[in-house]
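Each chain is listed here by its residues.
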Amino acid sequence: RHRFWETQPVGQFKDLGDPSLPEGPIEPPTPLSDVKPEPYNLPSQYEWTTCDMDDEQTCVEVYSLLTNNYVEDDENMFRFNYSKEFLRWALRPPGYYKAWHIGVRVKASNKLVAFITGVPARIRVRDVIIRMAEINFLCVHKKLRSKRLAPVMIKEVTRRVHLENIWQAAYTAGVILPTPITTCRYWHRSLNPKKLIDIGFSKLGARMTMSRTIRLYKLPESTVTPGFRKMELRDVPAVTRLLRQYLSQFIVAPDFDENDVEHWLLPLENVMDSYLVESPETHEITDFCSFYTLPSSILNNQNYSVLKAAYSYYTVSMKTPLLQLMNDALITAKQKDYDVFNALDVMHNESFLKELKFGPGDGQLHYYLYNYRVRNALKPSELGVVLL
Ligand code: MYA
Ligand code: JJ1
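Novice: An account of the sheet that holds strand β13 (residues 306-307) is requested, with residue identities and associated values reported.
Specialist: Across the sheet, three strands lie side by side as β2-β12-β13; this open sheet has antiparallel pairing. Where the open sheet ends on each side, the last strands, each with one partner, are β2 (78-80) and β13. In this structure, β2 lies alongside strand β12 (residues 296-298), joined through three bridges in antiparallel fashion. Across the sheet, residue R79 finds its bridge partner in β12, namely S297. Across the sheet, helix α1 (residues 56-69) is in contact with β2 and β12; its angle to β2 comes to roughly 150°.

Next comes the structure, spelled out in structure tokens:
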């Protein structure tokens with residue numbers, strides 16, 4: 001059934017629940033000299049290109065490919081619209097490799113028609129910290145679908161990751177592949193219910209009027225937690241300690257150091273928003289929350305073209321109740337004119353979703369590891385990873 005995935009070192013469906021299979025790498029590393037030194041063959045009309053995300057023109061080409069061809073919902077009403085600034089940030093974390101930003105061009109026209117990326121990360125599985133690649137932004141132009149280009153791209157990124165002596169990867173997808181370590185649900189908190197209903201993102205509830213709906217989702221004008229403020233560079237050490245401590249309880253989680261926190265969690269205009277609570281008395285940093293900006297294009301609507309969505313990223317509540325902290329995040333997102341606040345049911349998110357009036361979405365997100373078996377599927381609440 002999965003002609004490509006059956007050949008790859010990933011957990012196979014037939015092996016689910018086999019207690020004789022150990023947790024850990026599925027195949028051992030090979031000597032670097034055994035890694036294929038030249039790229040995989042593409043059909044003859046196409047050629048590989050390494051995308052230099054420092055280059056403005058390349059960035060625009062990648063942005064345009066994704067804006068027109070990347071992930072849509074099941075009814076093709078919305079399509080992710082990652083900004084150029086977001087892509088540049090997401091693809092250049094500490095220690096990134098330019099060679100892992102891989103494009104495919106049509107030789108005759110030089111047009112960019114496919115893309116896949118990796119960035120390096122350290123991910124902990126139980127008590128083992130593993131160097132991995134996080135694979136994202138796999139995209140094949142709509143006109144070139146179902147030609148088995150994706151397997152070649154996945155093999156090529158794998159080869160380039162192996163050349164850096166890295167043998168594991170983490171990735172997420174909306175589709176089921178062999179085999180998820182866990183399956184999460186998207187939840188949505190309306191901030192601008194009128195627009196969400198107008199564009200078909202949500203429906204007016206049974207026995208609900210528009211004005212009752214607007215009242216239902218109304219939020220205070222300003223945040224309530226004393227000492228709630230934007231994260232700054234000087235907060236990196238304290239936030240790193242807080243986050244490392246918090247993430248240690250999950251079965252799978254990133255191993256963030258200060259450099260990672262500086263890159264991934266410092267606020268970046270229209271990309272990443274991070275807030276913390278500094279105790280007005282002791283000036284201790286006691287809580288932290290963050291969300292990233294990922295708009296979606298609205299396909300086929302007369303009145304609106306973009307849905308402005310915030311996605312919950314990492315949250316740590318030590319002193320402020322999680323419910324209150326997330327409510328302040330919602331208030332902040334509303335102040336900044338987001339239409340909807342999205343969250344997955346990972347980490348402790350379940351504990352606030354219903355109370356804060358999030359509703360379950362129709363989309364799922366499956367999490368995968370490449371060349372690493374985990375013995376039992378996790379519950380979403382045992383997962384401490386959010387990929388972009
Ligand atoms: S997830 C986001 C994926 N992108 C989109 O959904 C955008 C819209 N769709 C497209 O652009 C295309 O439909 C894509 C497939 C490119 C997705 N992950 O070329 P094909 C398998 C993995 O004929 P196309 C993200 O970015 C499919 O099961 N495999 O199909 C993370 C089949 O294999 P098999 C996928 O539709 C990506 C084969 O591809 C996915 O033209 C992580 C068909 O190929 C998917 N999302 O193109 C990638 N969708 O026959 C894996 C389909 O076996 C990384 N397929 O069923 C693995 C780790 C690598 C590094 C390892 C380092 C050590
Ligand atoms: O956004 C999503 N679904 C929305 C819109 C549905 C439109 C019709 N299909 C949704 N809306 C309901 C909201 C409502 C608000 C009030 C309370 C009740 C709920 O459900 C979904 C997620 O739910 N998004 C997608 O399907 C996009 C793709 C998700 C897979 C992502 C793959 C990631 C790529 C890897 O990096």
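Further notes follow.
Novice: Tell me about α1, residues and numbers included.
Specialist: Given a rise of 1.5 Å per residue, 14 residues ought to cover 20 Å, and the 20 Å separating the end C-alpha atoms of α1 matches this to within 8%. For α1, the full list of buried residues reads T58, C59, V62, L65, L66, T67 and N69. Looking at the packing, one finds that the buried side of α1 touches β2, α2 (84-90), β4 (112-125), β5 (128-140) and β12.

Novice: Lay out the site of ligand 2 with the relevant residues and their values.
Specialist: Close to ligand 2 lie 25 residues, the nearest being D73, D74, E75, H188 and D362. For ligand 2, a nitrogen atom lies 2.7 Å from a polar atom in the side chain of D74. Contact between ligand 2 and F201: a nitrogen atom at 2.8 Å from a main-chain N or O atom of the residue. Protein chains bury 85% of the 870 Å² of accessible surface belonging to ligand 2 in isolation. Of all the elements in the fold, those that place two or more residues in the shell around ligand 2 are β7 (182-190) and β17 (359-370). Considering every element that reaches the shell around ligand 2, the biggest residue donor is β17, with seven residues. When the residues that make up the shell around ligand 2 are grouped by side-chain class, the tally is 10 nonpolar, 10 polar and five charged. When residues are assigned to domains, the shell around ligand 2 turns out to be shared by domain 1 (5-172) and domain 2 (183-382), each giving three or more.

Novice: Mind laying out the pairing of strand β10 (residues 272-278), listing which residues take part and the relevant values?
Specialist: Extensive coverage of β10 is indicated by the burial of seven of its seven residues. Judged by which residues are buried, β10 turns out to be covered on both faces: M272, S274, L276 and E278 on one side and D273, Y275 and V277 on the other are all buried. Taken together, the three bridges between strand β8 (residues 228-230) and β10 define a ladder with antiparallel strand orientation. Its bridge partner lying in β10, K230 is registered against Y275. Where β10 lies against strand β11 (residues 285-293), seven bridges are found, and the strand directions are antiparallel.

Novice: Account for the site of ligand 1, with residues named and values stated.
Specialist: Around ligand 1, the structure places 32 residues, and the nearest of them are H2, W5, L138, S146 and A150. The contact in question runs from an oxygen atom of ligand 1 to an N or O atom on the backbone of R3, over 3.3 Å. At 2.8 Å, a backbone N or O of F4 approaches an oxygen atom of ligand 1. Relative to its unbound accessible area of 1200 Å², ligand 1 is 88% covered by the protein chains. Of all the secondary structure elements, the ones that give two or more residues to the shell around ligand 1 are β5, α3 (149-162) and β6 (168-173). The element contributing the most residues to the shell around ligand 1 is α3, with seven residues. Taken together, the residues of the shell around ligand 1 sort by class into 20 nonpolar, eight polar and four charged.

Novice: An account of the environment of L42 is needed here, citing residue identities and associated values.
Specialist: With respect to the helices and strands, the residue L42 is situated in the segment before β1 (46-50). The residues contacting L42, other than those within four sequence positions of it, are E47, W48, V104, L149 and V152.

Novice: Now, about helix α8 (residues 322-335): what can you tell me, with residues and values included?
Specialist: A rise of 1.5 Å per residue sets the reference length of α8, with its 14 residues, at 20 Å; its end C-alpha atoms lie 20 Å apart and thus fit the reference within 8%. A positive phi of about 75° marks D337, the residue just after α8.

Parameters and conventions
Residues numbered from 1 in each chain as written. Chains lettered and ligands numbered in written order. Predicted model: local features only at pLDDT ≥ 70, side-chain atom pairs only at ≥ 80, totals over all residues. Heavy atoms only, no water. Pairing = 2+ DSSP bridges. Helix = DSSP H or I, 4+ residues; strand = E, 2+ residues; numbered from the N terminus. Contact = heavy atoms within 4.5 Å. Axes fitted to C-alpha atoms, helices over the stretch in contact; angles between N-to-C directions. Expected span 1.5 Å × (residues − 1). Buried < 20%, exposed > 50% of the residue type's maximum accessible area, 1.4 Å probe, protein only. Near = heavy atom within 4 Å. Polar contact = N/O pair within 3.5 Å; in protein donor to acceptor, adjacent residues only side chain to side chain. Areas by Shrake-Rupley, 256 points an atom, 1.4 Å probe, with all protein chains shown as cover. Nonpolar A, V, L, I, M, F, W, Y, C, P; charged D, E, K, R; others polar. Domains from an automatic or database assignment.

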